[in-house]
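# Summary of the model geometry
Below, each chain spelled out in residue letters.
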Amino acid sequence: MFPILEAEFLAPEIKRFVIEAPRVARKRRAGQFVIVRLHERGERIPLTIADGDPERGTITLIVQGVGKTTKLMNLLEAGDAILDLVGPLGSPSDVRRYGTVVVIGGGVGTAIAWPTARAMKQAGNRVVGIVGARSRQLVLLEPEMRAICDELEIVTDDGSSGRQGVVIDPLCERIMRGDRIDLVLAIGPVRMMQAVAEMTRPSGIRTIVSLNSLMVDGTGMCGGCRVSTRDGTRFACVDGPEFDAHAVDFDTLARRNRTYRDSEAAALEAFRADPNSA
Amino acid sequence: MSANPLPPKQRTKIPRQEMPEQQAAARRRNFDEVNRGLTVLGASTEAMRCLECAKPACVSGCPVGVKIRDFIALITAGDYLGAAAKIREDNVLPAITGRVCPQETQCEGCCILGKTFEPLGIGHLERFVADYEREHGELGLPEIAPPSGRKVAIIGSGPAGLSAAGDLVRWGHAVTVFEALHEIGGVLVYGIPAFRLPKAIVRHEVEALARMGVDFQANVVVGKTVTIDELMDEEGYDAVLVATGAGLPKFLGIPGEHLPGVSSANEFLTRVNLMHANEFPSYDEPVFDCRGRDVAVIGGGNTAMDAVRTACRLGARRSLLIYRRTEAEMPARVEEIRHAKQEGIELLTLANPVAFLSDDEGFLAGVRCLRMELGQPDASGRRSPVPIPGSEFEVPVAMAVVALGTGANPLVQSSTPDLATDPRGYIAADPETLRTSKRGVFAAGDIVTGAATVILAMAAGRRAAAAIGEFLESGAWIDAEAVG
Ligand SMILES: Cc1cc2nc3c(=O)[nH]c(=O)nc-3n(C[C@H](O)[C@H](O)[C@H](O)COP(=O)(O)OP(=O)(O)OC[C@H]3O[C@@H](n4cnc5c(N)ncnc54)[C@H](O)[C@@H]3O)c2cc1C
Ligand SMILES: Cc1cc2nc3c(=O)[nH]c(=O)nc-3n(C[C@H](O)[C@H](O)[C@H](O)COP(=O)(O)OP(=O)(O)OC[C@H]3O[C@@H](n4cnc5c(N)ncnc54)[C@H](O)[C@@H]3O)c2cc1C
Ligand code: SF4
Ligand code: SF4
Ligand code: FES
Ligand SMILES: [Mg+2]
């Protein structure tokens, strides 16, 4: 059992957890994730390690309630515990001194990008943050991002915070202007990451994305997380989750992520009807 | 000493006792065990067939040399617990091997009776006494030696890791088993389906080990959560056994393999066996909805057979096995092939997939195959399949499972630079002592041999345990020449 020490909502449907997991806390590096199973009948889902405190033996997870398991997790409070938690999984981000790094976070992708953005800053990079959300109240980790970014742009669909538009807009302007960009890290919905990849492809700006493929074991055993890349088939849980955006076949990823859409919808509906049934 | 009252002539007149089975029509839609187990009468009658050979050929066919004649004689004498103890001298997982060993190529394949009659049902009898022991036994736990003060880490909880743990803990060593998944048992829990190996049987073995003092730590991926060096240098383990199996799934590398609806057998079986997706939505993990749809499984081994029979149980309309050679070359146990056919599994042999086809929505819609014919024998001695040009045909299916075997998972090796591997990525270990290139580190089971069998993994685990025990006593480490 992995005790939850802190739990607080950062935004509607987005909750931050501090969980006791000493072995994971000691080893984790930016870009890695854990797989959790909440209860005896639960499924295994991957969640990025947003932060960790090796001394205290804790890790931080930030969860967006999108379906049954994440919504169930977001009902948990400090004092509750998670049945199974394994990690740190995946390869750590390749943190080096690149120069100027543009970090783009879409939705909960900001929480996934934040640990790497921070590591990039600590490695001596100039970090430009572009944080996108549907509306003001869904803008994640703004103070945390502000603290590590040399520049931060907020973009909302409805213009309720920052500028109105999508995260591609400020990126496009910077590229058109000829701003120096040595690396782009883009994490968010598949279609957002794909758009960023297309935007940076012509100028050959090195672009990294974190792929959210379906996972079960997280150790390279099932092959369910496989992604199609220019270099062949890769397993996101061990070879990734970060990949060169220009090598990724995003259409295939988007399609594979819909494999269980009917089951997922049914599970969510049943959960909505009776949250105690889980 | 023989308790068998019958003269040999009479013994050969008794027909081989049939294993009571769940009716095919019922079992093809449930996950209950197919074989129900011999009755006491069935078992004692079957045991009477044994000729009690002076030089039992059967024993030479068993990879661990179970004293088959002797345990059979104990069955004839009505001493089932004695028979179980006799098996346990050589085989610590009899309830499992009795169910899953490829007996037809091992013990039973060598039984003298088989030359003229049906071979003795050794597997069924082994299972009978092991089940009897579990259900009636008051054997208690084996004696545990006083604490040696030595700590051993075992990585992986499949048959190799479990059997090594059993020996080492009996000898008084402190044993911790680290397992990446949340459940203990390796392929026995995530791969082999419950209709062949009920999970309670594995759990029983694991609980017995836990009572003997083995510390099981699930949710630890060695190489990620902790490294071998950290276990030895910081956590004080004196020796490490790597028993991580051969879990890396192979794919065909043909167009369309990334379509939703195509999965590896590991993924499909893990969703169902480990995650209980067959009980969705009562359990949360989903599995591809096979109900009323057609499913193809590609391969001819036990894994393929397990996958196709699982698809049938999930409600598939048509469950099809696609295999490049003929039924005679299929590596699966003959009992599984027979059971599968009874359950209505269709075998499409001499066919090889060349592409997976998509529907308008981007989901799998079919498999395009080439017809094959058998050519010259290959390195494995089996006649190799040769494609017939222009023979392409399509099979419409909504789900396909690729069961082409597995390779070495590199997690432990890549995080342990001084652990030598062979060209295929398996850990190089001395065949006798199972020592690796790294002092204090041993390796056993599929991660050394490549995908093999439960009994071979068990045997290797026990050989490694003996070598580890010896190393802990003497502290001597002779670098094996073959290694490194
Ligand atoms: C490496 C990685 C890191 C992630 N980090 C975070 C994070 O820090 N915070 C966060 O909120 N989300 C994160 N996710 C996404 C998160 O795993 C999914 O939102 C979650 O699994 C959805 O489960 P559900 O039952 O709530 O929703 P469902 O309704 O079951 O699924 C909604 C969608 O989530 C995806 N999904 C479902 N099951 C899985 C699965 N087993 N593995 C991967 N994706 C799945 C599918 O695209 C699906 O359509 C991460 C995903 C990956 C692969
Ligand atoms: C579907 C299927 C059906 C089979 N049917 C039969 C049969 O009928 N008869 C038969 O004799 N054999 C059968 N086999 C083969 C047999 O199961 C294997 O040969 C045997 O299980 C190998 O045992 P092992 O202990 O070496 O490894 P495994 O059983 O593979 O166990 C290895 C364990 O190590 C864990 N692990 C891996 N990496 C790490 C890590 N880094 N850290 C921690 N833990 C780790 C894995 O999660 C796994 O639990 C079958 C195999 C499959 C897949
Ligand atoms: S362990 Fe396997 S091969 Fe040996 S006697 Fe038992 S069933 Fe036969
Ligand atoms: S070879 Fe067959 S008949 Fe002879 S002892 Fe073995 S099981 Fe009995
Ligand atoms: S999640 Fe199973 S191989 Fe990556
Ligand atoms: Mg879900």
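Keep in mind it's a predicted model, so treat the numbers as computed, not measured. (Residues numbered from 1 in each chain as written. Chains lettered and ligands numbered in written order. Predicted model: local features only at pLDDT ≥ 70, side-chain atom pairs only at ≥ 80, totals over all residues. Heavy atoms only, no water.)

## Examining the site of ligand 3
- Every residue lining ligand 3 is accounted for by Cys62, Pro63, Val66, Ile68, Asn91, Thr97, Cys101, Gln103, Gln106, Cys107, Glu126 and Ile455 of chain B.
- Class assignment for the residues of the shell around ligand 3 results in 7 nonpolar, 4 polar and 1 charged. (Near = heavy atom within 4 Å. Nonpolar A, V, L, I, M, F, W, Y, C, P; charged D, E, K, R; others polar.)

## Some words on the domain arrangement of chain B
All names here are of chain B.
- Each domain of chain B was delimited in the assignment, giving domain 1 (8–135), domain 2 (151–242 + 410–426 + 433–453 + 474–482) and domain 3 (251–404).
- In this structure, domain 2 and domain 3 have C-alpha centres spaced 31 Å apart.
- Contacts between domain 2 and domain 3 engage 11 residues on the former and 13 residues on the latter.
- Both sides of the domain 2 and domain 3 interface together cover about 990 Å² of buried area, and 57% of this is carbon and sulfur.
- Looking at the side of domain 2 facing domain 3, the largest losses of area belong to Tyr190, Phe195 and Arg196, adding up to 58% of the total buried there.
- Inspection of the domain 2/domain 3 interface yields 2 salt bridges.
- When the shortest N-O distance is used, the salt bridge between Glu336 and Arg196 registers 3.4 Å.
- Here the residues of the side of domain 2 that touches domain 3 are counted per class, giving 7 nonpolar, 2 polar and 2 charged. (Domains from an automatic or database assignment. Contact = heavy atoms within 4.5 Å. Buried area = accessible area lost by both parts, 1.4 Å probe. Salt bridge = Lys/Arg side-chain N within 4 Å of Asp/Glu carboxyl O.)

## Things to note about the pairing of strand 13 (residues 393–396) of chain B
Residues and elements named next belong to chain B.
- Alternating residues of strand 13 divide into Phe393 and Val395, all buried, and Glu394 and Pro396, none buried.
- The sheet contact formed by strand 11 (residues 364–377) and strand 13 spans 4 bridges and is antiparallel. Each residue of the ladder has a partner; that of Cys369, found in strand 13, is Phe393. (Buried < 20%, exposed > 50% of the residue type's maximum accessible area, 1.4 Å probe, protein only. Helix = DSSP H or I, 4+ residues; strand = E, 2+ residues; numbered from the N terminus. Pairing = 2+ DSSP bridges.)

## Here's the deal with the UniProt feature "domain: Dihydroprymidine dehydrogenase" (unreviewed entry) in chain B
- Those residues carrying the UniProt feature "domain: Dihydroprymidine dehydrogenase" (unreviewed entry) are residues 27–137 of chain B in this numbering.
- Secondary structure content for residues 27–137 of chain B is 53% helix and 0% strand, while the C-alpha to C-alpha distance between its ends is 29 Å. (UniProt positions renumbered as here; feature names shortened; annotations may be inferred.)

## A few points about the confidence of the model for chain B
- Within chain B, residue pLDDT values average 94, and 98% of them lie at 70 or more.
- Complex prediction metrics read pTM 0.95 and ipTM 0.96. (pLDDT = per-residue confidence, 0-100.)

## Topic: the sheet that holds strand 7 (residues 84–89) of chain A
Residues and elements named next belong to chain A.
- Sheet architecture is open: 7 strands sit in the order 6-1-2-5-4-3-7, paired in antiparallel fashion. Each edge of the open sheet carries a strand with a single partner, namely strand 6 (81–82) and strand 7.
- Judged from the 5 bridges that link them, strand 3 (residues 33–37) and strand 4 (residues 44–53) form a sheet pairing that is antiparallel. The partner of Val36 across the bridge, within strand 4, is Ile45.
- Of the strands in this sheet, strand 4 and strand 5 (58–64) are in contact with helix 3 (residues 109–122), which crosses strand 4 at around 35 degrees. (Axes fitted to C-alpha atoms, helices over the stretch in contact; angles between N-to-C directions.)

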